[in-house]
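Observations on chain architecture
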Amino acid sequence: MNSSSSLFASLVLILALAGIALSGKNTKTLKNNTCSMKFSAVDYSPVTNVCKAPDYNEKQCCDAFKALACKYGQHVNDYSTICPIEFVSYLNLAGSYPMGVFVGRCNEDGDHRLCS
């Protein structure tokens, strides 16, 4: 997949995740969708120490991503909140990753869960 296709696929998945997170039946305000986990305080070094530019080795990056995501599985898979979006956003920020390094590459068989 070329970088344009990868970027487009990542954007589509992020928008889909945002739509899923914000479409809960009992959702009246964004406040109801807040994440109870403080992903801004997570140590992302288990991923950032392994997943490095310029090649972002898919196996190494995804193995590290899944190990960290599964540590917070109940939160990162809860699409009734913004937890999945916050997790990926803070990880991308911590490692200065471009979009598409994890989402879309590390989800198996079109599974939307970040930890499976």
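Everything discussed here concerns the structure shown above.
Within this structure, the stated rule accounts for two salt bridges. With a closest N to O distance of 3.9 Å, Glu58 and Arg105 form a salt bridge. Separated by 47 residues along the polypeptide, Glu58 in helix H3 (residues 58-71) and Arg105 in the segment after helix H5 (83-95) bring together distant segments of the chain. When its relative accessible area of 42% is taken as the criterion, Glu58 is described as partly exposed. The shortest N-O distance in the salt bridge between Lys59 and Asp63 comes to 2.7 Å. Of this pair, Lys59 and Asp63 both sit in helix H3, four residues apart, roughly one helical turn.

A few words now on the environment of Val103. You can see Val103 is positioned in the segment after H5. Separated by 41 residues in the primary sequence, Val103 and Cys62 place their C-alpha atoms 9.4 Å from one another.

This paragraph deals with the environment of Asp63. Asp63 gets classed as partly exposed once you look at its relative accessible area, which sits at 41%. Along the backbone, Asp63 and Val47 are 16 residues apart, and their C-alpha atoms lie at a distance of 8.7 Å. A distance of 2.7 Å separates a polar atom in the side chain of Asp63 from a polar atom in the side chain of Lys59.

How each quantity is defined
- Residues numbered from 1 in each chain as written.
- Predicted model: local features only at pLDDT ≥ 70, side-chain atom pairs only at ≥ 80, totals over all residues.
- Heavy atoms only, no water.
- Salt bridge = Lys/Arg side-chain N within 4 Å of Asp/Glu carboxyl O.
- Helix = DSSP H or I, 4+ residues; strand = E, 2+ residues; numbered from the N terminus.
- Buried < 20%, exposed > 50% of the residue type's maximum accessible area, 1.4 Å probe, protein only.
- Polar contact = N/O pair within 3.5 Å; in protein donor to acceptor, adjacent residues only side chain to side chain.

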